[in-house]
Amino acid sequence: MSNPAHLAIVGRGVAFWNHWRKENPETRPDLSGATLSGATLGRVDLGRANLRGADLRGADLNEADLNEADLSGATLSGASLRGVDLSEANLFMANLFEANLFEANLRGADLHGANLVKTDLRRANLQRADLNEANLLGTHLRGARSNVDTTWPDGFSPNEAGMILFDGEGKPEEDSD
């Protein structure tokens, strides 16, 4: 259950929320189970936030900071997350059906069992991400980046999806010697 004070603060808008986060850097926001569907939260600082089971359907989270956030079991279907930072985030069993994650940073994210059907992950960073048992049916991955530490569902081929494989030095595999 969400912290009612945190829910009230985010309800006052992104500028107010981000100012509050700067004033309270040690506080881990609790918006678990919150209904924020359709909310305009572009560039919001939700890093390390607890958003477990939150309803963010159709929300605008473009360029938001969600690094290390817990979004396990959250619903983000139809959400716009262009350029979002979800590095090291927990998206275990999250529903991202038809979400837009173009150029998102998902480095080290846990997407185990996530619903990524028809999700736009073009040019996203998926290095070290866990996509085991994720549903990738119709997912757009052209130009997305992965590496040998990225884990995929059985039978999935990143090359066939048009992804770019990076080596251990952060260079595209075709450029490494």
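First, a word on scope: everything that follows refers to the structure included in this document.

Calculation criteria
- The written sequence of each chain sets the order in which its residues are numbered from 1.
- Local features in this predicted model are restricted to residues of pLDDT 70 or higher, and side-chain atom pairs are both shown and tallied only at a pLDDT of 80 or more, whereas totals for entire chains, interfaces and linings draw on every residue.
- Based on all heavy atoms of the structure, the side-chain values leave hydrogens and waters out of the count.
- Secondary structure elements follow DSSP: runs of H or I no shorter than four residues count as helices, runs of E no shorter than two count as strands, and numbering proceeds from the N terminus.
- For the radius of gyration, the atom set is restricted to C-alpha positions; the globular benchmark scales as 2.2 Å times the number of residues to the power 0.38.
- Here, residues are in contact when the closest pair of their heavy atoms is within 4.5 Å.
- In this description, accessible areas are obtained by the Shrake-Rupley approach with a 1.4 Å probe, and a residue is regarded as covered only by the protein chains that are shown.
- Under the convention used here, Asp and Glu are negative, Lys and Arg are positive, and both His and the chain ends fall outside the count.
- Throughout, a charge is located at the NZ atom of Lys, the CZ atom of Arg, the CG atom of Asp or the CD atom of Glu.
- Whenever a nitrogen or oxygen atom comes within 3.5 Å of another N or O atom, the pair is scored as a polar contact, on the condition that within protein one atom can donate a hydrogen and the other can accept it, and that pairs from neighbouring residues in sequence are kept only if both atoms are in side chains.
- Under the pairing criterion, centres of Phe, Tyr and Trp rings, with the six-membered ring standing for Trp, must be within 6.5 Å; the plane angle then separates stacked pairs below 30 degrees from edge-to-face pairs above 60, leaving the rest tilted.
- Buried residues are those whose accessible area, probed at 1.4 Å on protein chains only, stays under 20% of the maximum for their type, while exposed residues exceed 50% and partly exposed ones sit between those limits.
- Here, over-ring charges are defined by two tests on the NZ atom of lysine or the CZ atom of arginine: distance to the ring centre within 6 Å, and angle to the ring normal within 35 degrees.
- Whenever a carboxyl oxygen of Asp or Glu lies within 4 Å of a side-chain nitrogen of Lys or Arg, that contact is scored as a salt bridge.
- Here, nonpolar core refers to any group of buried Ala, Val, Leu, Ile, Met, Phe, Trp, Tyr and Cys residues whose side-chain atoms link them within 4.5 Å.
- Taking the helix axis as origin, the arc is that swept by the directions to the C-beta atoms.

### As for the overall build of the protein
Counting its regular elements, the protein contains two helices and two strands. Seen in sequence order, the protein has helices and strands lined up from the N terminus as α-α-β-β. Relative to the 2.2 N^0.38 estimate, which gives 16 Å for 177 residues, the radius of gyration of the protein is 16 Å and therefore close to what a compact globule would have. Reported as C-alpha extents along the three principal axes, the dimensions of the protein are approximately 50 × 30 × 20 Å. Across the protein, contacts joining residues at least 24 apart in sequence account for 9% of those joining residues at least 6 apart. Surface summary for the protein: the accessible area is close to 8,600 Å², and the carbon and sulfur share equals 45%. When the 17 basic and 27 acidic side-chain charges of the protein are each reduced to a single mean position, those positions are 7 Å apart.

### Remarks on the side chain of Asn-100
Assignment of secondary structure puts Asn-100 in the loop between helix H2 (14–23) and strand E1 (145–147). A polar contact of 3.0 Å, which involves the side chain of Asn-100, links it to the backbone nitrogen of Phe-102. Contacts of Asn-100, omitting those with residues within four sequence positions, involve Ala-79, Ser-80, Leu-81, Arg-82 and Asp-120.

### A few points about the packing of aromatic side chains
Following the criterion strictly, the structure yields two aromatic pairs and no others. Both rings, one in Trp-17 and one in Trp-20, keep their centres 5.1 Å apart while their planes meet at 45 degrees; by these two values the pair is tilted. With Trp-17 and Trp-20 both in helix H2 and three residues apart, this pair spans about one turn of that helix. A residue is classified by how much of its surface remains accessible, and Trp-20, at 16% relative accessible area, is buried. Residue placement shows Arg-12 over the ring face of Phe-16; its charged tip is 3.8 Å from the ring centre.

### Observations regarding the pattern of salt bridges
Enumeration over the complete set of coordinates arrives at seven salt bridges. Note that Glu-63 is salt-bridged to Arg-43, the shortest N-O span being 2.9 Å. Taken together, the residues Glu-63 in the loop between H2 and E1 and Arg-43 in the loop between H2 and E1 connect sequence positions 20 residues apart. Using a relative accessible area of 45% as the deciding quantity, one classes Glu-63 as partly exposed. Ionic pairing is found between Asp-120 and Arg-122, a salt bridge with its closest N-O pair at 2.7 Å. Note on Arg-122: relative accessible area 34%, which makes it partly exposed.

### A word on the nonpolar core
Membership of the largest hydrophobic core comes to 51 residues, with the highest contact counts inside it found for Leu-91, Leu-96 and Leu-106. Taken together, the elements giving at least two residues each to this core come down to helix H1 (4–10) and H2. Here this core takes three residues from H2, the largest share from any one element.

### Considerations on the side chain of Gln-127
Among the structural elements, Gln-127 can be located in the loop between H2 and E1. Within the local environment of Gln-127, its side chain forms a polar contact with the side chain of Arg-107, the two groups lying 3.4 Å apart. When near neighbours in sequence (up to four residues on either side) are disregarded, Gln-127 contacts Leu-106, Arg-107, Gly-108, Arg-145, Ser-146, Asn-147, Thr-150 and Phe-166.

### Topic: H2
Here H2 has its buried residues at Val-14, Trp-17, Asn-18, Trp-20 and Arg-21. For H2, the angular spread of buried residues about the axis comes to 160 degrees, placing them on one side. H2 presents Ala-15, Lys-22 and Glu-23 as exposed residues on the side facing more than 90 degrees away from its buried surface. Residues of H2 that are buried make contact with H1.

### Let's talk about the environment of Thr-40
Residue position: Thr-40 is located in the loop between H2 and E1. Along the chain, Thr-40 and Ala-54 lie 14 residues apart, while their C-alpha atoms are 15 Å from each other. Apart from the residues lying within four places of it in its own chain, the contact partners of Thr-40 are Val-14 and Asp-60.

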